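Commentary on secondary and tertiary structure
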Amino acid sequence: MKKKIIFFSIIVLFVVSTQLFCQKEARTTKSQRQFSHKELQGQDDIVTKKEFPSVVFESLRGSTFELPHNEAALLIFCFEKECAVQAREWVLTIRKEKLLPDAINLYIVPVVGNSLKAKLLKPFIISALKRRIPQGDHEKVALLVQDGGPLKEFVAYEEQNGDQVYLVLLDKESVVLWQHSGKLTAENKSELKKMAHSLN
C-alpha cells in the first residue's frame, strides 16, 4: 500500500511539473513574440532594404492601378474604420508641415479585402469616403480590394490595435525606407521628414 502511494505521488509530481514547464514555455514564447514585435516597432527609422509587395488598388474615381509603380510614395494603410482619426491627423500634419517633398506621392489606403461581405459593402464604403474626402484627393485614396493577408503580414498588423494606421515610405525602386504604426508624435514626424527629404 505504501509503495502504491509513493508511486502515485511520483506520477502526480511528474504531471504537475510537466504542466508548469509547458506553461512557462508558453509564457516565454509569447514574451519572445511580443519582444520581437516591439523591437520591430522601435526600428521605424532603420532602412529595412525589403521590397514592398506588388498590389493592385482601386481609386475613388474607379481607376485601377498598381502600387508601387516606379515612384517614391508614402502609403498610409487603414485596416479598420476606427483608424480614420489617426489617418486624418497624419495627412493634415504631413501637408501643413511639408513633411514630404513634392516628388513623393501620398496615398491613403483603406484595406477593404475581397470577402463576400467586403464586396457587398464596397459601394457603401466608396460612397462614404467620397463624401468625407475632398474631390481633389480622390485619386490619392487607393482601396485595396484583394486579399489583405500578405499586406497585414508585411506591416506586422495586430488585430487588437485596429485603430492604428500603418505607414510605409518607399523609394522609386519600391524599397522600404521607413515604417511606422500608430499615432503621430514629434519624434516619428521628425524621422519621416528627415528620411523623405533625403531622397531629393
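Described in the following lines is the structure provided in the data block. (Residues numbered from 1 in each chain as written. Predicted model: local features only at pLDDT ≥ 70, side-chain atom pairs only at ≥ 80, totals over all residues. Heavy atoms only, no water.)

Our next topic: unusual backbone geometry. In this structure, A156 takes a positive phi of about 60° despite not being glycine. Take A156: it is sitting in the loop between α4 (149-154) and β6 (165-170). One non-glycine residue, S174, lies in positive phi territory at about 70°. In this fold, S174 is placed in the loop between β6 and β7 (176-181). Note on S174: relative accessible area 12%, which makes it buried. (Helix = DSSP H or I, 4+ residues; strand = E, 2+ residues; numbered from the N terminus. Buried < 20%, exposed > 50% of the residue type's maximum accessible area, 1.4 Å probe, protein only.)

This part is about the layout of surface pockets. Its volume calculated, the largest pocket comes out at about 1,200 Å³. Surrounding the largest pocket, 34 residues form its lining, C78, E80, K81, P110 and L129 being those nearest its centre. Elements supplying a minimum of two residues to the lining of the largest pocket: α2 (84-96), β4 (105-110), α3 (116-132) and α4. Element by element, the count of residues in the lining of the largest pocket is highest for α3, at 8 residues. (1 Å grid on protein atoms, 1.4 Å probe; cavity = no way out; pocket = protein on both sides within 12 Å on 5 of 7 lines; lining within 4 Å. Points joined across faces, edges and corners; volume = space filled by probe spheres on them.)

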